[in-house]
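Chain by chain, the residues run as shown.
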Amino acid sequence: MISAAPTPLRKRWQLAPPAPENLIARFDHLPPLVVQILYNRGITDPAKVEHFLSPAPALLNPLQPPKLKGLDLAIARLRQAIHQREPIAVYGDYDVDGVTATTLLVEALSALGGQAQPYIPNRVDEGYGLNIEALSKLKESGVRVVVTVDCGVRSIDEVAFGNQIGLDLIVTDHHSTTEQVAPALACIDPKQPGCPYPFKELSGVGLAFKLAQALFTVENSVRVKQALPPLNAEKLLDLVALGTVADLVPLIAENRWLVVHGLRQMNQSPRPGIAALMNVAGVQVVDAGTIGFGLGPRLNAAGRIEHAMAAYQLLATHDQAEAQTLAQKLHDTNRERQDLTRTTQEQARQLALAQDPTALLLFAASPEFKAGVVGLAAARLTEEFYRPAVVVELGQAESRGSCRSIPEFHITQALDQCASLLVRHGGHAAAAGFTVRNENLQALAARLRAIATEQLGQRDLCPTLAIDCEWPLDALNPDVFHALQQLEPCGYGNPTPLLCSRGVLVLDTRTVGSEGAHLKLRLCKGRVVWDAIAFRQGQHAKQLARGVYIDIAYHLEENEWNGAKTLQINVRDLQWADAK
């Protein structure tokens with residue numbers, strides 16, 4: 001039961017079984033801790049281990065099988081448009097994945113001589129994905145070809161309308177599909193029925209890169225005959241890394257190669273917009289973590305509060321002064337977004353609990369909610385209560401909602417069961433969005449709660465911490481950190497290694513942050529002392545007196561302050577040692 005004033009959720013620690021000794025021996029050139037973590041990830045074959053630690057290039061020739069379904073048709077039509085100087089619109093989305101994909105494909109098509117222009121819908125006025133009014137305006141402006149990125153595969157009616165008014169639509173999308181996909185001239189989505197492409201987890205910008213890579217491959221075969229320098233698609237990988245990490249697609253297989261090389265490019269020669277964004281975010285070195293918590297939120301803030309074209313302009317500009325101005329604007333917008341998120345979260349929390357504090361799915365709707373932050377508020381509620389959460393911005397006739405979920409509940413499949421009540425919907429297992437007519441809103445809430453009760457009612461819902469290895473605190477040292485670095489980039493699908501240490505002595509504790517939200521600790525085992533930070537765990541401060549022994553689950557990370565780098569423990573959870 002969810003109470004109106006909940007206590008902090010307990011977490012279930014799930015310690016991975018030890019790797020077999022013969023496996024450790026087989027990889028005697030690797031630190032045993034690395035082998036253990038690879039074993040936890042199911043990576044034990046020597047070739048797969050090598051590929052994981054040193055990712056091989058993505059498909060060098062995207063025109064060789066197994067190809068993305070629809071790729072040949074898309075290439076043929078785009079090359080025709082480029083040669084005939086037909087205006088091409090790249091229709092994106094307002095999140096980081098969509099903005100980076102839009103920037104990448106406009107840049108690629110322009111490099112090929114195409115007349116390419118971006119179109120990113122306004123989150124408030126237009127909502128997610130293709131819309132009929134936008135397609136009409138593009139047609140009236142002279143556009144002949146529309147290429148979607150990060151959207152469109154479920155836009156059946158909108159694509160059909162585009163066909164009727166004489167637009168040629170090419171859909172590139174990575175979202176889950178039903179058996180029916182949009183009736184476009186070409187549809188590129190590895191998740192669509194009949195697509196033989198083996199890797200199904202590319203981001204929207206990853207697919208945009210595959211299309212650009214294919215176009216460059218064809219063009220380079222012509223340029224070789226003309227003795228012209230080849231076009232290099234890999235110069236676009238900085239954008240791919242940004243969008244891939246920010247969109248929380250699994251950092252495995254092909255995505256790892258794309259991100260590894262994109263991060264390398266960002267750190268060696270960042271484009272002006274990325275360099276300026278790093279500057280305002282105080283980032284010296286870009287990794288997956290700094291994208292997720294530093295660069296990504298600032299780029300996302302544009303589409304959440306104002307218009308995502310500001311983020312596009314930042315990434316597309318070649319002028320350093322303009323880049324700095326735009327980056328500062330996004331930084332300020334992100335602060336506004338943070339304040340608005342906190343307010344929306346608290347209002348949604350109160351509404352959801354007032355309706356039904358025992359519900360297994362939280363549902364809150366209000367005309368005061370802003371479309372740009374309902375997803376963030378839903379995510380905060382899911383984190384707080386470990387329940388699926390739906391937060392809806394009430395409109396006059398239609399309302400738009402954003403959903404976040406837990407591993408036990410596939411939210412998009414739940415929305416599929418409510419399709420008759422919805423205008424449109426789409427998303428992933430853990431996150432989704434929808435539009436609903438207001439007269440169907442209460443029925444939708446009731447239906448989603450019923451589905452949640454059916455699927456979750458008999459489960460012991462408790463967030464699980466998957467711990468990679470138990471490691472004595474007095475054996476923790478810089479060598480351990482450097483060993484773990486071999487597993488980077490870490491993120492969704494390849495989580496940052498989580499260690500646990502037991503029987504740790506608390507030397508000192510204090511709260512930091514707004515209203516004492518966070519906890520600073522000094523911990524020791526024997527003669528080894530470590531500084532630690534426990535975000536959003538300030539409530540433990542009164543119980544953690546000096547001399548208390550605790551067990552901790554944590555990440556080992558590098559902290560940079562005033563130019564100095566030190567290692568610290570990032571405590572994800574703690575338990576009292578004497579409670580075991």
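Read on for a plain summary of the structure.

When helices and strands are tallied, the protein chain shows 18 helices and 18 strands. In the protein chain, which comprises 580 residues, the share counted as buried stands at 52%. If you take every contact in the protein chain between residues at least 6 apart in sequence, the share linking residues at least 24 apart comes to 65%. For the protein chain, the exposed area adds up to about 25400 Å²; of that, 51% sits on carbon and sulfur atoms. Of the charged side chains in the protein chain, 54 are positive and 60 negative; the average position of the first set lies 1 Å away from that of the second.

Quick look at the environment of Thr-172 now. Of note, Thr-172 is situated in strand S5 (residues 168–172). The buried category is assigned to Thr-172, whose relative accessible area is 2%. For the pair formed by Thr-172 and Thr-325, sequence separation is 153 residues and the distance between their alpha carbons is 32 Å. Not counting the four nearest positions on each side in its chain, Thr-172 is found in contact with Val-147, Thr-148, Val-149, Asp-150, Cys-151, Ile-188 and Leu-211. Within the structure, the side chain of Thr-172 is placed 2.5 Å from the backbone oxygen of Thr-148, a separation counted as a polar contact.

Here we take up the packing of helix H9 (residues 237–246) against helix H12 (residues 288–305). For the pair H9 and H12, the least separation of the axes is 9 Å and the interaxial angle reads 90°. The orientation of H9 with respect to H12, classified from their angle, is roughly perpendicular. Across from Ala-241, Leu-242, Val-245 and Ala-246 in H9, the residues of H12 making contact are Ala-288, Ile-291, Gly-292, Leu-295 and Leu-299.

Looking now at helix H7 (residues 156–164). Listed in full, the buried residues belonging to H7 are Ile-156, Glu-158, Val-159 and Gly-162. Residue Gly-166 follows H7 closely and has a positive phi angle near 95°.

This part is about the state of the cysteines. Scanning all chains against the criterion turns up zero disulfides. With no disulfide partner, Cys-462 has as its closest neighbouring cysteine sulfur the one in Cys-500, 16 Å distant. What makes Cys-462 buried here is its relative accessible area of 1%.

This part covers the pairing of S5. For a regular strand, side chains alternate in direction, first toward one face of the sheet and then toward the other. By the criterion of burial, S5 is predominantly enclosed, with four of the five residues buried. Sheet analysis places strand S4 (residues 145–149) next to S5, joined by five bridges and oriented parallel. When the bridges of S5 are listed, Val-149 appears paired with Thr-172. The parallel pair S4 and S5 is bridged by H7, and the resulting crossover is right-handed. For S5 and strand S6 (residues 186–188), the ladder comprises three bridges, and the chain directions are parallel. Directly across from Thr-172, in S6, lies its bridge partner Ile-188.

A few words on the sheet that holds S5. An order of S3-S2-S4-S5-S6 is seen for the five strands of this open sheet, with the pairing classed as parallel. Two strands lie at the open edges of the sheet, namely strand S3 (115–119) and S6, each paired on one side alone. The average angle at which neighbouring strand axes cross in this sheet is 20°, direction not considered. By the bridge criterion, five bridges tie strand S2 (residues 87–91) to S3 in an arrangement that is parallel. Residue pairing in the sheet places Ala-89 in a bridge with Gln-117 of S3.

For Glu-368, the location among the structural elements is in the loop between strand S7 (362–366) and helix H15 (374–385). In this structure, the C-alpha to C-alpha distance between Glu-368 and Thr-317, residues 51 residues apart in sequence, is 35 Å.

If you look at the biggest cluster of nonpolar residues, it comprises 78 residues, and the most contacted ones within it are Leu-78, Leu-104, Leu-109, Leu-211 and Leu-299. Core analysis: the next-biggest nonpolar cluster, separate from the first, contains 39 residues, Leu-473, Ala-483, Ile-550 and Leu-556 among them.

Next up on the list: empty space enclosed by the protein. Evaluated as defined, the whole model comprises one cavity of 30 Å³ or more. Within this model, the largest cavity holds a volume of roughly 30 Å³. Residue composition of the lining of the largest cavity, grouped by class: seven nonpolar, one polar and no charged.

Our next topic: the sheet that holds strand S9 (residues 398–404). The sheet built from five strands is open, its strands ordered S7-S8-S9-S11-S10 with mixed pairing. Every other strand in the sheet has two partners, leaving S7 and strand S10 (422–427) as the edge strands with one partner each. Going from strand to strand, the sheet's axes swing by 15° on average, the running direction of each strand aside. Bridging between S10 and strand S11 (residues 431–437) involves five bridges; their strand directions are antiparallel. Each residue of the ladder has a partner; that of Gly-426, found in S11, is Gly-433.

What follows concerns the pattern of salt bridges. All chains considered together, the criterion is met by 23 salt bridges. Ionic pairing is found between Lys-137 and Glu-133, a salt bridge with its closest N-O pair at 3.4 Å. In this pair, Lys-137 and Glu-133 are both assigned in helix H6 (residues 132–140), four residues apart and thus about one turn of the helix distant. Judged by relative accessible area, which is 51%, Glu-133 ranks as exposed. Between Arg-502 and Glu-470 there is a salt bridge, and its shortest N-O distance comes to 3.3 Å.

So, on to the side chain of Thr-412. Take Thr-412: it is sitting in helix H16 (residues 411–416). Beyond its immediate chain neighbours, meaning those up to four positions away, Thr-412 contacts Arg-154, His-425, Gly-426, Gly-427, His-428, Ala-429, Ala-431 and Ala-432.

Here we take up unusual backbone geometry. A negative phi angle is the norm for most residues apart from glycine, just as the trans form is the norm for most peptide bonds. Between Pro-65 and the following residue, Pro-66, the backbone shows a cis peptide bond with an omega angle of 0°. One can find Pro-66 in the loop between helix H3 (46–53) and helix H4 (71–83). Here Glu-488 and Pro-489 are connected by a cis peptide whose omega angle stands at 0°. For Pro-489, the location among the structural elements is in the loop between helix H18 (478–484) and strand S14 (499–512). Phi is positive for Asp-150, which is not a glycine, with a value near 65°. Structurally, Asp-150 is set in the loop between S4 and H7. For Asp-150, a relative accessible area of 1% translates into the label buried. If you check the backbone angles, Ala-253 has positive phi at about 50° while not being a glycine. As for its position among the elements, Ala-253 is in helix H10 (residues 253–268).

Rules behind the numbers
- Residues numbered from 1 in each chain as written.
- Predicted model: local features only at pLDDT ≥ 70, side-chain atom pairs only at ≥ 80, totals over all residues.
- Heavy atoms only, no water.
- Helix = DSSP H or I, 4+ residues; strand = E, 2+ residues; numbered from the N terminus.
- Buried < 20%, exposed > 50% of the residue type's maximum accessible area, 1.4 Å probe, protein only.
- Contact = heavy atoms within 4.5 Å.
- Areas by Shrake-Rupley, 256 points an atom, 1.4 Å probe, with all protein chains shown as cover.
- Lys, Arg positive; Asp, Glu negative; His and termini not counted.
- Charge placed at Lys NZ, Arg CZ, Asp CG, Glu CD.
- Polar contact = N/O pair within 3.5 Å; in protein donor to acceptor, adjacent residues only side chain to side chain.
- Axes fitted to C-alpha atoms, helices over the stretch in contact; angles between N-to-C directions.
- Parallel < 35°, antiparallel > 145°, perpendicular 65-115°, else oblique.
- Disulfide = S-S within 2.5 Å.
- Pairing = 2+ DSSP bridges.
- Right-handed = clockwise from strand over helix to strand, strands pointing away.
- Core = buried A, V, L, I, M, F, W, Y, C linked by side-chain atoms within 4.5 Å.
- 1 Å grid on protein atoms, 1.4 Å probe; cavity = no way out; pocket = protein on both sides within 12 Å on 5 of 7 lines; lining within 4 Å.
- Points joined across faces, edges and corners; volume = space filled by probe spheres on them.
- Nonpolar A, V, L, I, M, F, W, Y, C, P; charged D, E, K, R; others polar.
- Salt bridge = Lys/Arg side-chain N within 4 Å of Asp/Glu carboxyl O.

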